[in-house]
Structures are given as structure tokens and as C-alpha cells.
Amino acid sequence: MTKEQWGALQDQLSSTIGENNYKTWIKPIEFHDMEPGGVAVFTVPTNFIGTYVSQNYGDLLLAKLSAVDTAVRRLRFDVANVDTRPVQPRAVPSPAPSTDLLPGAPLDARFTFDSFVVGKPNELAHAAAKRVGEGGQVTFNPLFLYGGVGLGKTHLMHAIAWELRTHRPDLNVLYLSAEQFMYRFVQALRERRMMDFKELFRSVDVLMVDDVQFIAGKDSTQEEFFHTFNALVDQNKQIIISADRAPDEIKDLENRIRSRLQSGLVVDLHPTDYELRLGILQSKVQNYREQYPALQLDDGILEFLAHRISTNVRVLEGALTRLFAFASLVGQPITMELTQDCLADVLRASDRKISIEEIQRKVAEHYHIRLSDLIGPKRVRNFARPRQVAMYLCKQLTARSLPEIGRRFGGRDHTTVMHGVKRIEELRSQDSQIADDIELLRRALEA
Ligand code: ADP
Ligand code: MG
């Protein structure tokens, strides 16, 4: 490999990874020299860039380089002048075992704290993640983050990793999914390199394992995970775990692991609410505007989307991206009409079906009465009014007919339902308490 050969690869790299990525990550690095053993050494301006390139583009670079020069077997990134220690691997025990068992998953450059919008549903998880990202004294171990799909678990974990890399470059931070943990483990078993595997995992300062529910039911992986976990906790090393549900809801997980996972701080990311969704959309639009100042977006579009698109942020983002792409392709401002056109399928799919049970449960909860009293025959005002509110919401929020609703309220007649609905309609305009209750319930149900 020569500098000329490296130079000749630039155009290819730029078109493979896109010009922006190329400018940010590849352009700043320089090919330095070959070292014995087929090591291509690069000089990088900062530790950060070296680590990023190695994690995100390492495979690509190796493939391209070895296609030009078959002698290239691996890559190394040295920080220019300041410090010529290899950026990666770090903290490898000596004699250095080969490190291909260790590399973590690449971090997404967009998943930072800056780009994470904080709202009620995620403020606790965010605060805990922030604290861990400071890399100070280990106070809760592990930090266990859980929540449904697309609510920002991976985003927060990457944000912690970025933060640690910036503020505590001395720490060896390893982020990977539970699935990758398993693959590394299986690979080590197959290659009879369990000692390497153990040493490597025990040499990290911060271990982050994403989607840990994946190891449930996989017994030897669980076992190894448990030992790794204990070894690190014993050394007072920070561990951060995510899962799609709470530790005690993960089936086929050994009890000792479950209780280990619960022993630190367990925080959940709640489903997004309207305000958070709107905040996320606004922040995306702001970013987009910086790149495309000409963007024309009618008032009310974001509110519409935040209202109509489910709780999953990924879907919300996808919808917005599609909208921008479409609008810029056809060269039109983003109007309500265009939005409904362009996102027809997404909007249809996320037309959330609210069930009568859900409404009944929420209303009973809201008025602090039992579900059986809400549905049952008693006519005292304390039960009758909430019952009418629930009927009203069923009429408004579901496609059920009056007789059907009546049946679900203890077999009442449809005229009773009609009367209830009418009564609430009247009260709404006279009684601000009722109006507030309904608004609150509607929001909670549509969230
Ligand atoms: P999870 O790992 O919980 O399934 P992700 O972290 O992958 O979810 O989030 C899905 C997408 O939604 C990502 O693109 C992420 O950046 C975005 N996202 C989720 N929550 C937020 C938030 N609070 N602010 C900004 N973006 C968010
Ligand atoms: Mg995730």
C-alpha cells in the first residue's frame, strides 16, 4: 500500500459512503505507512475521529485496501503527533490477544444528547443517562433502560457512549447488542478462545448491552453474560443495559440475572405523548431547515402528524423524511393536501383503534372508581356521570354503534347510551371540569 494508492481510492470512497460522510470522516485521515504483519497505519487528527472511522468504516476500508494490495491485513489509526498509541484497541491486556472478539457495534453519529428531545415520558431515563454519561463515580449499577420499540433506548445508549468518549477518552467503552454479545461468545467457543473472550470483556471500563431480552432462553450465553456482568460490577465498572421490557417481565431469564439487572437503577421510557412527538418533529424540521433553507411547510402540519402518528418515534421520523423527500422532488411546498397524499398509507396504518375496554379502564381510573361500578347497574351520581363520560368517549373515539356500546356497558339499551352522550355534550359547554376531564382522557387514550 502506498500513499498514491490510497489517494486513488478517494473518489470511490466518497461515492460509497456519500460526500458528507467522506468529508467529515475519511478526508481528515492520512495514510502513513505499512508496518510488518500487513498493518496499514493511518494518522488521524483526533482520537474521536480515529475511533469513529475504525468502528464505522473499518470493514469498508479494509476491504478496499486489501483489494488494491493483498498484503493489507489490518488497520491502525494513530493520533497525529500528540499520541501515537493505537486508538483501537485500547486497554488490551498483554500479551495482546487478537482483538477481533472485542470491537463493539458502530455508534450512530446522530444519536447524541443534543439531538434527543426531552419530554415527560422520557425525562427520567434521559436524566439517568446524562448522569452516567458524565463518567463520574459509579452510583447506580447497572443502569437498566427499558421501553417499547422506537422510544429512544438505543439513541440514549449511543448518546452516553459519545459523551463518555468526549469527556473520558481514557475509558474503554464498549457498546454492543445482546445479539452481538452472543455471536462473539459463540465465535470464541468455536475458535477455542474463551480466555481471550473473558479477558477482553473484563478489560472494558463501561459495558453497554442493548436489547438484552435477546439472551433470554439462550442458556450458555446467559451464563457467560452473568459472569461478565459480575466481574465488571466487582471492579466497580459501569454497566448499562437496555431491554424492551422490565427485568421481571422478561421470560426465560434466569432469576439470578433478573435480580442482578434489578439491583441498580431501573428506568422506563414511556410511550410518547403529543407534546413530545411535536417537539421531536420540530427539532427535525429545524435541522432540515439548516440544510435546506427553502423548505416551505404550512402551519399545522406538524401538529397534525404528532396527533395522528402512533407512539413510535421511528415511524414519525420516517414519515417526516418521506414528506421532505417528496416535497423536494416535486418542488412543492408541504401543504396539508400533499401530506395526506404522500403519507396516506402511514396515516391509515397508525389510525389507532381504541377499544371500549381501554376507554372504560381509563375512565374508571380517572374517577377513582372500580371498573365493575362503571359498567354495573348502580345509578348513584358518582358512578353514573363517569359512565356517561365513558359512553361519550366510546361514541367519539370508536366506530362502535350505540347498541354495541350499550351491550358493553352491562347490557344497557341504546337509548340509554344516546341519552348519556347527549347529556355529556350539553355539560361540556357548561361545566369546565367535565370539559377538562374529557380533554385529558381523550389525550391519554390517543397518546
Ligand atoms: P429503541 O432503541 O428504543 O427501539 P431508538 O433509540 O432506535 O429506539 O429510536 C428510534 C428513532 O427515534 C431514532 O432515530 C431516534 O433518534 C429517534 N428518537 C427516539 N426518541 C427520541 C427523542 N426523544 N428525541 C429525538 N429522537 C428520538
Ligand atoms: Mg434499540
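The preceding data block contains the structure.
These figures come from a predicted structure and were not determined experimentally.

Asker: Now, about the overall build of the protein: what can you tell me, with residues and values included?
Answerer: Helix and strand counts for the protein stand at 20 helices and nine strands. With the C-alpha coordinates of the protein rotated into their principal frame, the extents come out at 90 × 60 × 35 Å. Out of the 447 residues belonging to the protein, those deemed buried represent 47%. Pairs at least 24 apart in sequence give 72% of the contacts found in the protein among residues at least 6 apart. Charged side chains in the protein number 56 positive and 58 negative. The centres of these two groups are separated by 6 Å.

Asker: Go over unusual backbone geometry with me, naming the residues and quoting the values.
Answerer: The bulk of non-glycine residues show a negative phi, and the bulk of peptide bonds are trans. Cis geometry marks the peptide bond from Asn141 to Pro142, where omega comes out at 0°. By the element assignment, Pro142 lies in the loop between helix 4 (123-133) and strand 5 (143-147). Backbone geometry at Asp211 places phi at a positive 55°, although glycine is not the residue there. Here Asp211 shows up in the loop between strand 7 (206-210) and helix 8 (219-234). For Asp211, a relative accessible area of 30% gives the class partly exposed. Residues other than glycine seldom take positive phi values, yet Asn236 does so here, at roughly 60°. Mapped onto the elements, Asn236 comes out in the loop between helix 8 and strand 8 (238-243).

Asker: Can you break down the site of ligand 1 residue by residue, with the values?
Answerer: Around ligand 1 lies a shell of 17 residues, among which Val117, Gly150, Thr154, His155 and Glu317 are the nearest. A distance of 3.3 Å separates an oxygen atom of ligand 1 from a polar backbone atom of Leu151. Alone, ligand 1 offers 560 Å² of accessible surface; in the complex the protein occludes 94% of this. Residue assignment for the shell around ligand 1 shows that the elements contributing at least two residues are helix 5 (153-167) and helix 12 (313-330). When its residues are assigned to classes, the shell around ligand 1 shows seven nonpolar, seven polar and three charged.

Asker: Give me helix 10 (residues 274-291): which residues, what numbers.
Answerer: Its 18 residues place the ends of helix 10 26 Å apart at the C-alpha level, agreeing with the 26 Å of an ideal helix rising 1.5 Å per residue. For helix 10, the full list of buried residues reads Leu276, Arg277, Leu278, Gly279, Ile280, Leu281, Val285 and Tyr288. On its buried face, helix 10 is in contact with helix 11 (301-308), helix 12 and helix 20 (432-446).

Asker: Mind laying out the environment of Ser220, listing which residues take part and the relevant values?
Answerer: If you trace the backbone, Ser220 turns up in helix 8. Linking Ser220 and Leu302, residues 82 residues apart in sequence, is a C-alpha distance of 48 Å.

Asker: An account of the pairing of strand 2 (residues 39-44) is requested, with residue identities and associated values reported.
Answerer: In terms of residue burial, strand 2 counts as a mostly covered element, since five of its six residues are buried. Here strand 1 (residues 30-35) runs beside strand 2; their pairing, made up of five bridges, is antiparallel. Across the sheet, Glu35 pairs through a bridge with Val39, a residue of strand 2. Connecting the antiparallel pair strand 1 and strand 2 is a turn made up of three residues, with Gly37 showing a positive phi of about 90°. Taken together, the six bridges between strand 2 and strand 3 (residues 74-79) define a ladder with parallel strand orientation. Residue Ala40 lies in a different strand from strand 3, and its bridge partner there is Leu75.

Asker: An account of the packing of helix 6 (residues 178-190) against helix 8 is requested, with residue identities and associated values reported.
Answerer: Packing of helix 6 against helix 8 leaves a shortest axis separation of 10 Å and a crossing angle of 100°. Between helix 6 and helix 8, the crossing angle belongs to the class labelled roughly perpendicular. Two secondary-structure elements touch here, helix 6 through Phe181, Met182 and Phe185 and helix 8 through Ser220, Thr221, Glu224, Phe225 and Thr228. For the contact of helix 6 with helix 8, the per-class residue count stands at four nonpolar, three polar and one charged.

Asker: Outline the packing of aromatic side chains, supporting the account with residue identities and numerical values.
Answerer: For the coordinates displayed, the defined rule picks out 12 aromatic pairs. Seen from their ring centres, Trp6 and Phe42 are 4.9 Å apart, and the 70° between their planes marks the pair as edge-to-face. Linking Trp6 in helix 1 (residues 3-17) with Phe42 in strand 2, this pair joins segments that are 36 residues apart in sequence. Among the residues examined, Trp6 registers a relative accessible area of 7% and is labelled buried. Arranged with centres 5.8 Å apart and planes meeting at 55°, the rings of Phe185 and Phe197 form a pair that is tilted. Of this pair, Phe185 sits in helix 6 while Phe197 sits in helix 7 (residues 194-202), placing them 12 residues apart in sequence. Its relative accessible area of 5% is what places Phe185 among the buried residues. Seen from the ring of Phe214, Lys218 lies directly overhead, with NZ or CZ sitting 4.1 Å from the centre. Directly above the aromatic system of Phe226 lies the positively charged group of Arg256, at a separation of 4.1 Å from the ring centroid.

About the cut-offs
Residues numbered from 1 in each chain as written. Chains lettered and ligands numbered in written order. Predicted model: local features only at pLDDT ≥ 70, side-chain atom pairs only at ≥ 80, totals over all residues. Heavy atoms only, no water. Helix = DSSP H or I, 4+ residues; strand = E, 2+ residues; numbered from the N terminus. Buried < 20%, exposed > 50% of the residue type's maximum accessible area, 1.4 Å probe, protein only. Contact = heavy atoms within 4.5 Å. Lys, Arg positive; Asp, Glu negative; His and termini not counted. Charge placed at Lys NZ, Arg CZ, Asp CG, Glu CD. Near = heavy atom within 4 Å. Polar contact = N/O pair within 3.5 Å; in protein donor to acceptor, adjacent residues only side chain to side chain. Areas by Shrake-Rupley, 256 points an atom, 1.4 Å probe, with all protein chains shown as cover. Nonpolar A, V, L, I, M, F, W, Y, C, P; charged D, E, K, R; others polar. Expected span 1.5 Å × (residues − 1). Pairing = 2+ DSSP bridges. Axes fitted to C-alpha atoms, helices over the stretch in contact; angles between N-to-C directions. Parallel < 35°, antiparallel > 145°, perpendicular 65-115°, else oblique. Phe/Tyr/Trp six-rings, centres within 6.5 Å; stacked < 30°, edge-to-face > 60°. Lys NZ or Arg CZ within 6 Å of the ring centre and 35° of its normal.

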